[in-house]
Amino acid sequence: MGLLMRIKILLLLACGVVHAEPCWLDAPNHKAAPVDQLLVGANACGPAAMMNSFHVGTEKWRRVFRVMGGGNDKERMAWMIRHVGMKSSNHLFARPRWSGRGVGVEDLRDMANELLEKAYLPSLKADILFLDRGETAERLLQRAHKRMRKSLAAGFPPVMSVRRYALRKDSGKKSQWTVIEGHFVTLTRMPCKLQRGERSFAVDYLDPWRGRHCHGVIGIPKRESMVDPSGGAACLEADFPSAMIGKNRVRHGEPTMVAVVAVIGDW
């Protein structure tokens, strides 16, 4: 290599022009066909998203299908709801884990862990992704990234709970952020690291609604949205252009956002 070329390379490095290729984490079996929740019903996104995580994870996690009834996705999903989802909830009084309205984060985790225990596999954890006391939005983004990265690196693509809110004003009441609809998806790709100062990160995910591969961004809301008492963002926003998640139930002119509510995974 000539002297002039060496000098050019040294100048580029000194100026920070040469960057290493970004590192990405992918689900081990990310090319697997996603489960379509509509094989069972519009309220089956939780079981379908959890099955997608098993499908696209490592072979270890796919062992859970051996303890489930049914020979295909539709039969396994229906079996999971009937035999595991209809058991009493430990979090809702006098209600089953799964109902006509779907399933909550803790109950979906409990459903998965019951199956995993039978398959002699590690149990999953859940983390609610709203601001903790004293936590900043930047710290919340780092916490969410850390949870998701650890689970994906462990071979279990995490299940994310996302929820559409609208700033709604009903007659005689003040405007408030109102839950419109919740949904579960499975994260399949994300960056290995958050660079200093970054306020978002790109993701690929499986949407169980019609079983689709989708792209999106998780980050600190750019516009005024749900806030904590100090005036900062109370949650992270999921910018998922392909996801409907209750769009048709938002009233004309209402501000709306999709929040990242929680993550279920192995960490």
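Data block above holds the structure.
Residue positions within a chain follow its written sequence, with the count starting from 1. Confidence filtering applies because this is a predicted model: local features only for residues at pLDDT of at least 70, side-chain atom pairs given and counted only at 80 or more, and all residues used for totals across whole chains, interfaces and linings. To obtain the side-chain values, all non-hydrogen atoms of the structure were included, while hydrogens and water were left out.

Considering the pattern of salt bridges
To keep it simple, the criterion reads: Salt bridge, as applied in this entry: a Lys or Arg side-chain nitrogen positioned within 4 Å of an Asp or Glu carboxyl oxygen. Per-residue accessibility, obtained with a 1.4 Å probe over protein chains only, is compared with the maximum for each type, and a residue is labelled buried under 20%, exposed over 50%, and partly exposed between these values. Only runs of H or I of at least four residues qualify as helices and only runs of E of at least two qualify as strands under DSSP, and these elements are numbered from the N terminus.
In this structure the tally under the stated criterion is 15 salt bridges. Among the salt bridges present, the one from Arg143 reaches Glu135, with a minimum N-O distance of 2.9 Å. Residues Arg143 and Glu135 agree in their burial class; the two are buried. Ionic pairing is found between Arg249 and Glu181, a salt bridge with its closest N-O pair at 3.5 Å. Residue Arg249 is found in the loop between strand 9 (236–239) and strand 10 (256–265), and its partner Glu181 is found in strand 6 (residues 176–191); the two are separated by 68 residues along the sequence. Judged by relative accessible area, which is 47%, Arg249 ranks as partly exposed. Look at Glu181 and you get partly exposed, because its relative accessible area is 28%. Linked by salt bridges that have partners in common, Asp127, Asp132, Glu135, Arg143 and Arg147 make up one network.

Considering the side chain of Asp266
This is how it is decided: The charged-residue count follows a simple rule in which Lys and Arg add positive charge and Asp and Glu add negative charge, with His and chain termini not counted at all. Only heavy atoms enter the contact rule, under which two residues are in contact if any of them lie within 4.5 Å.
One can find Asp266 in the segment after strand 10. No salt bridge forms around the buried Asp266; measuring N to O, its nearest opposite-charge neighbour Lys60 is 4.8 Å away. In contact with Asp266, other than residues within four places in its own chain, are Trp61, Ser123, Leu124, Lys150, Ser151, Ala154 and Phe156.

With respect to the nonpolar core
Rules: Working definition of a nonpolar core: buried Ala, Val, Leu, Ile, Met, Phe, Trp, Tyr and Cys residues. They are joined through side-chain atoms within 4.5 Å.
Residues Met50, Phe54, Met80, Leu124 and Phe184 are the most contacted members of the largest nonpolar core, which totals 34 residues. Elements represented by at least two residues in this core include exactly helix 2 (45–56), helix 4 (73–85), helix 5 (105–118) and strand 10. Those residues in contact with Met50, other than ones at most four positions away along the chain, are Met80, Leu108, Ala112, Leu124, Phe156, Val159 and Ile264. Ranked by size, the runner-up nonpolar core spans 32 residues in total, among them Leu140, Val162, Leu187 and Leu206.

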